[in-house]
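Here are the chains, one letter per residue:
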Amino acid sequence: MLTARIIPCLDVRDGRIVKGVQFQGLRDAGDPVARAALYQEQGADEIVVLDVAATPDRRAHQRDTIRALRRVLSIPMTVGGGVRGIDDAEALLEAGADKVAINTAAVADPDIVDQLVARFGAQCIVLAIDAARRTDGWEVLVCSGRERTGRDAVTWAGATPAGEILLTSFDRDGTQEGYDTDLLRAVRANTSVPLVASGGAGSIDHLASGLAAGADAVLLASLLHDGQTDIQTIKRALRDQGVEVRR
């Protein structure tokens with residue numbers, strides 16, 4: 001059986017970690033290089049780095065940050081934000097990313113994901129989905145949550161050729177009220193692609209619930225950035241609940 005992955009998320013803007021609620025009200029949460037090194041030391045399985053300003057500002061990801069992170073990290077790193085096609089993905093992989101996440105550009109032109117998978121392999125490509133509840137399910141949001149698409153998030157997840165899905169609940173983002181487990185179950189029922197739960201983690205029980213709902217990995221930010229706990233404590237507690245995690 002595959003072990004569950006514990007993945008800190010670094011939302012970055014202008015070389016600093018930022019954190020907000022539903023992608024708004026962003027506050028400074030520290031230096032990404034120092035935080036990443038700390039989380040690796042604590043036992044993080046991977047790191048996700050999302051440039052939250054790249055797409056709204058119509059620019060590429062700030063690759064200097066990725067190079068600096070790679071110098072201190074030996075664990076896998078997924079990078080997203082501002083990825084519009086093969087050139088952007090290649091530049092991030094050359095800067096030190098192991099996987100590249102794409103959201104807005106994939107919705108604008110779904111063929112881009114097929115092109116990226118053909119060029120780099122599915123194992124390197126992550127479909128990032130920001131999903132907001134609506135009366136009949138969940139809708140895909142793009143441009144860092146600023147634009148609604150009308151696209152059904154569950155159907156969108158089930159059609160991707162990407163090697164992994166990073167599924168963020170817009171409604172739960174930054175609230176620390178727990179993952180949207182209904183969303184996770186719905187997507188898991190529609191795809192066998194590895195699924196990373198994101199948005200709302202506020203306790204170790206929330207992480208366990210996300211994994212029980214079908215996630216293969218859990219993403220967390222505020223819980224770590226605000227010093228509420230650390231990854232070693234999280235892994236011990238999950239093992240006590242019978243969850244298989246990497247030591």
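Going by the structure above, here's the rest.
Residues numbered from 1 in each chain as written. Predicted model: local features only at pLDDT ≥ 70, side-chain atom pairs only at ≥ 80, totals over all residues. Heavy atoms only, no water.

Visitor: Before we go on, may I ask you to explain the packing of aromatic side chains in this structure?
Guide: Here the distance between the centres and the angle between the planes together describe a pair of aromatic rings. Under the defined criterion, the tally for this structure stands at zero aromatic pairs. In this structure, R151 packs its charged tip against the face of W156, placed 4.4 Å from the ring centre. (Phe/Tyr/Trp six-rings, centres within 6.5 Å; stacked < 30°, edge-to-face > 60°. Lys NZ or Arg CZ within 6 Å of the ring centre and 35° of its normal.)

Visitor: What am I meant to see in helix α10 (residues 231-240) here?
Guide: What sets the pattern is the α-helix's 3.6 residues per turn: residues three or four places apart point alike. Those residues of α10 that sit buried are I231, I234, K235 and L238. In a view along the axis of α10, the buried residues occupy a sector of 95°, so they form one face of it. Those residues of α10 hidden inside the fold are in contact with β1 (5-13), α1 (32-42), α8 (204-212), β12 (217-220) and α9 (222-225). Here α10 starts with a cap whose side-chain oxygen sits 3.1 Å from the backbone nitrogen of Q232, and that cap is D230. (Buried < 20%, exposed > 50% of the residue type's maximum accessible area, 1.4 Å probe, protein only. Helix = DSSP H or I, 4+ residues; strand = E, 2+ residues; numbered from the N terminus. Arc of directions from axis to C-beta. Contact = heavy atoms within 4.5 Å. Polar contact = N/O pair within 3.5 Å; in protein donor to acceptor, adjacent residues only side chain to side chain.)

Visitor: Please clarify how the packing of helix α2 (residues 63-72) against helix α3 (residues 86-95) should be interpreted in this entry.
Guide: How two helices pack is summed up by the angle between their axes together with the distance between the axes. The N-to-C vectors of α2 and α3 enclose an angle of 30°; their axes lie 8 Å apart at closest approach. On the basis of the axis angle, α2 is roughly parallel to α3. Across the interface between the two elements, R63, I66, R67 and R70 from α2 touch A91, L92 and A95 from α3. The residue inventory of the contact of α2 with α3, partitioned by class, reads four nonpolar, no polar and three charged. (Axes fitted to C-alpha atoms, helices over the stretch in contact; angles between N-to-C directions. Parallel < 35°, antiparallel > 145°, perpendicular 65-115°, else oblique. Nonpolar A, V, L, I, M, F, W, Y, C, P; charged D, E, K, R; others polar.)

Visitor: What should I look at first to understand the packing of α3 against helix α5 (residues 111-120) in this one?
Guide: Packing of α3 against α5 brings their axes to within 10 Å, and their N-to-C directions diverge by 45°. With respect to each other, α3 and α5 are oriented oblique. The handedness of the crossing between α3 and α5 is right-handed. Contact with α3, carried on its side by I86, A89, E90 and L93, involves Q115, L116, R119 and F120 of α5 and no other residues of that element. Here the residues of the contact of α3 with α5 are counted per class, giving five nonpolar, one polar and two charged. (Left-handed = near helix turned anticlockwise from the far one by under 90°.)

Visitor: Is there a simple way to think about unusual backbone geometry in this case?
Guide: If a residue is not glycine, its phi is most likely negative; likewise, a peptide bond is most likely trans. Of note, the phi angle at Q176 is positive, near 60°, even though the residue is not glycine. Mapped onto the elements, Q176 comes out in the loop between β10 (164-169) and α7 (181-188).

Visitor: Looking at this structure, how should I read the pairing of strand β4 (residues 47-51)?
Guide: Look at any regular strand and the pattern is simple: side chains alternate between the two faces of the sheet. Within β4, five of the five residues are buried, which leaves the element mostly enclosed by the surrounding structure. On β4, burial covers both faces: I47, V49 and D51 on one face and V48 and L50 on the other are all buried. Two strands pair when backbone bridges link them, and β1 and β4 are joined in this way by four bridges, in the parallel orientation. Its bridge partner lying in β4, V12 is registered against D51. With four bridges joining them, β4 and strand β5 (residues 77-80) adopt parallel strand pairing. For V48, the partnering residue across the bridge sits in β5 and is T78. (Pairing = 2+ DSSP bridges.)

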